[in-house]
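Coordinates in review
This is what each chain is made of:
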Amino acid sequence: MKPGTRVEVRDRFDHRWTRGFEVAATVETDDGAGYRIKRLSDGSVLPVVFAAEEVRREKKKDFWWY
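1. So, the overall build of the protein chain
For the protein chain, the helix and strand inventory stands at zero helices and five strands. Order of helices (α) and strands (β) in the protein chain, N terminus to C terminus: β-β-β-β-β. Relative to the compact-globule value of 11 Å for 66 residues, the protein chain shows a C-alpha radius of gyration of 12 Å, a close match. The dimensions of the protein chain, computed from C-alpha atoms along their principal axes, are 40 × 25 × 20 Å. When the 14 basic and 12 acidic side-chain charges of the protein chain are each reduced to a single mean position, those positions are 6 Å apart.

So this is what it looks like as structure tokens:
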């Protein structure tokens, strides 16, 4: 995914997907591609690299209650 792509990240505590992030940068790791993630609420880049399986494109919600 390219920088600026809106994504959801998997919470490392309860493994739920959380919205409100975007890809800040793509980085190479020993395990393959990883991502630097920026929180949209305050523009902070998170201090860890997320593995590809911990990041997915943001899913659009079709209903107001979902």
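On we go.
2. A few points about the pattern of salt bridges
Here the structure, examined in full by the defined rule, presents eight salt bridges. In this structure, the salt-bridge partner of Asp14 is Arg16, at a minimum N-O distance of 3.8 Å. Accessibility expressed as a relative area gives 37% for Asp14, which makes it partly exposed. When the shortest N-O distance is used, the salt bridge between Lys38 and Glu22 registers 3.2 Å.

3. Details of the nonpolar core
Ranked by size, the top nonpolar core spans nine residues in total: Val7, Val9, Phe21, Val23, Tyr35, Ile37, Leu46, Phe50 and Val55. Of all elements in the fold, only strand S1 (6-10), strand S2 (17-29), strand S3 (32-39) and strand S4 (45-51) reach the threshold of two or more residues within this core.

4. Side note on the environment of Arg39
Looking at where Arg39 falls in the secondary structure, it is placed in strand S3. Not counting the four nearest positions on each side in its chain, Arg39 is found in contact with Gly20, Phe21, Ser44 and Leu46. There is a polar contact of 3.0 Å between the side chain of Arg39 and the side chain of Asp42.

5. Some words on the sheet that holds S1
In spatial order, the strands read S4-S3-S2-S1-S5; together these five strands make up an open sheet with antiparallel pairing. At either end of the open sheet lies a strand with only one pairing partner, and these are S4 and strand S5 (55-57). In this sheet, neighbouring strand axes are inclined to one another by 50° on average, regardless of whether the strands run parallel or antiparallel. Across three bridges, S1 lies against S5 in antiparallel orientation. Considered in S5, the bridge of Val7 is made with Arg57.

Rules of the game
Residues numbered from 1 in each chain as written. Predicted model: local features only at pLDDT ≥ 70, side-chain atom pairs only at ≥ 80, totals over all residues. Heavy atoms only, no water. Helix = DSSP H or I, 4+ residues; strand = E, 2+ residues; numbered from the N terminus. Rg over C-alpha atoms; globule rule 2.2 N^0.38 Å. Lys, Arg positive; Asp, Glu negative; His and termini not counted. Charge placed at Lys NZ, Arg CZ, Asp CG, Glu CD. Salt bridge = Lys/Arg side-chain N within 4 Å of Asp/Glu carboxyl O. Buried < 20%, exposed > 50% of the residue type's maximum accessible area, 1.4 Å probe, protein only. Core = buried A, V, L, I, M, F, W, Y, C linked by side-chain atoms within 4.5 Å. Contact = heavy atoms within 4.5 Å. Polar contact = N/O pair within 3.5 Å; in protein donor to acceptor, adjacent residues only side chain to side chain. Pairing = 2+ DSSP bridges. Axes fitted to C-alpha atoms, helices over the stretch in contact; angles between N-to-C directions.

Coordinates in, geometry out; function isn't part of it.
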